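The lines below spell out each chain.
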Amino acid sequence: MPNPTQLANRIAKSPTIAMNDKAKQLAAEGHSVIGLAGGEPDFDTPSHIVDAAIKAIRDGETRYAAPSKGIRPLLEAIAVKMERDNNVRVDPMSDIIVTPGGKLALFLALKAMLDPGDEVLIPAPYWVSYPSIATMVGGVPVTVETGSDDNYRLRLEHLRERVTPRSKVLIINSPCNPTGHMLSSEEIEAVATLALEEDLYIISDEIYEKLNFDGRPAVSLASIPDIADRVIIINGMSKAYAMTGWRLGWLAGPTDLIGVAGKFNSQTATSAATFTQHAAVAALNGPQECVEMMRQSYEERRDFMVSSFNSIPNMSCPDIEGAFYAFPKVEETSKSSEEVANVILDEAVVVGVPGNAFGVSKDAHIRFSFAEDMNKLSEAVDRIRAMAHMLA
Ligand code: PMP
Ligand code: GLU
């Protein structure tokens, strides 16, 4: 018998997806589980977006999308959105590819950039899929550690230490999953300096751009003139518009690279679902109050999560600038993050994702999504408080 690829031994199932599946399974078996593992809005997709999809289906928009890189009204809506929200100008017909989800956009971007053995610089804590996707397309992930004691600041000297002649791409995610960290102007400067010095591409994952707190806007790296021609933006509908299950994302950037990604998209996904694309047009061109309403709600939950975790003895949680994750740490413990996550699962029946999945090995962190209703968050915190002495 033939064997599956050797890569199989180096790639695990996504831990966020695995823990989310586990929570859903425990609930189906009748356990009173609180699942805070998956990063998924608890809100329903706003009704005007749902209506646009239903209308598109009824109108017969059920065939392959043409062009395969995205229907023209959506490419134009994305270009208008980018100019309006991000101060970035792109040609809608040559600089954007619409994909079934931002995750595939990331895959196509890396596939278009990397030859076998090329290295991808990834600041940690990172979203779980960056190193795995880099590996799946033949690249080599290289972690650049940042720490909670330094507010997860990305420092030029630390980036430089990890550069080699094979460095090709730097992945930036601001606001960041799992820390919520947003790049300061000094960090943006550091990223730009390194990219120019070392001739790197930058992947700017902006999927949480709308979920920023305390009135501080997220800056798109593609709006920085010196580096605009080497930045590829990843974005999508999942987080801002509560559309995770619709699978709709995009990548946007330099024409030559987008052309390559478009070829790969046509050979794999073919296109994102046609009626979903019509729904995305309604979302991007329609009223934006729904996005602000959800953002405000996440901000209130952020306040609750930060103050709650800081009030539990032996736990600490730094402030969270964006996205919808708390990433608290157990201060004094002999346990690994996986052991901490398991004890919390067994004793509190709350599901989070252990910090090692995000590239943090030193300290025992655990990620909890707070894109969940306040009653459940409050119950989860109460349960963890009651068993926190077992985390030492
Ligand atoms: N980037 C980050 C940082 C994420 O957390 C996610 C969530 N899955 C994605 C990209 C991709 O999201 P989606 O595939 O749902 O568009
Ligand atoms: N991005 C979310 C998370 O980090 C959804 C699951 C996934 O795609 O990883 O939990």
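Above this text is the structure in question.
Attention here is on the structure that accompanies the text. (Residues numbered from 1 in each chain as written. Chains lettered and ligands numbered in written order. Predicted model: local features only at pLDDT ≥ 70, side-chain atom pairs only at ≥ 80, totals over all residues. Heavy atoms only, no water.)

Side note on the site of ligand 1
Inspection of the region around ligand 1 gives 13 residues, with Gly102, Asp205, Tyr208, Ser238 and Arg247 positioned closest. Contacts to ligand 1 include lysine 103, whose backbone N or O atom sits 3.0 Å from an oxygen atom. Separating an oxygen atom of ligand 1 from a side-chain N or O atom of asparagine 177 is a distance of 2.8 Å. Here ligand 1 loses 93% of its free accessible area of 390 Å² to cover by the protein chains. Grouping the constituent residues of the shell around ligand 1 by class yields four nonpolar, five polar and four charged. (Near = heavy atom within 4 Å. Polar contact = N/O pair within 3.5 Å; in protein donor to acceptor, adjacent residues only side chain to side chain. Areas by Shrake-Rupley, 256 points an atom, 1.4 Å probe, with all protein chains shown as cover. Nonpolar A, V, L, I, M, F, W, Y, C, P; charged D, E, K, R; others polar.)

Side note on the environment of phenylalanine 304
Position of phenylalanine 304 relative to the elements: it lies in helix 10 (residues 289–310). With relative accessibility at 22%, the residue phenylalanine 304 sits in the partly exposed group. Setting aside anything within four residues of it in sequence, one finds phenylalanine 304 in contact with Met374, Leu377, Ser378 and Val381. (Helix = DSSP H or I, 4+ residues; strand = E, 2+ residues; numbered from the N terminus. Buried < 20%, exposed > 50% of the residue type's maximum accessible area, 1.4 Å probe, protein only. Contact = heavy atoms within 4.5 Å.)

A few points about the site of ligand 2
In the vicinity of ligand 2, 13 residues are found, and the nearest of them are Thr16, Gly39, Lys103, Asn177 and Arg367. At 2.9 Å, a side-chain N or O of asparagine 177 approaches an oxygen atom of ligand 2. In the model, an oxygen atom of ligand 2 is placed 2.7 Å from a nitrogen or oxygen of the arginine 367 side chain. Burial of ligand 2 by the surrounding chains reaches 87%, relative to a free accessible area of 280 Å². Tallied by class, residues from the shell around ligand 2 come to five nonpolar, five polar and three charged.

Quick look at the pairing of strand 6 (residues 201–205)
Where burial is concerned, most of strand 6 is hidden: four out of the five residues are buried. As judged from the five bridges shared by strand 5 (residues 167–173) and strand 6, these two strands associate in the parallel manner. Among the inter-strand pairings, leucine 170 is bridged to a residue of strand 6, identified as isoleucine 202. Chirality of the crossover, the property in question, places the unit of strand 5, helix 7 (residues 185–198) and strand 6 among those that are right-handed. (Pairing = 2+ DSSP bridges. Right-handed = clockwise from strand over helix to strand, strands pointing away.)

Observations concerning the pattern of salt bridges
Taken as a whole and judged by the stated rule, the model has 26 salt bridges. A salt bridge links lysine 329 to aspartate 363, with the shortest nitrogen-to-oxygen separation between them at 3.6 Å. With lysine 329 in strand 11 (residues 329–330) and aspartate 363 in the loop between strand 13 (353–354) and strand 14 (364–369), the pair connects residues that are 34 residues apart, well separated along the chain. Lysine 329 gets classed as buried once you look at its relative accessible area, which sits at 16%. Residue classification places aspartate 363 among the partly exposed positions, given a relative accessible area of 28%. Among the charged side chains, a salt-bridge network with shared partners connects Asp214, Glu292, Arg295, Glu299, Arg302, Asp303 and Asp319. (Salt bridge = Lys/Arg side-chain N within 4 Å of Asp/Glu carboxyl O.)

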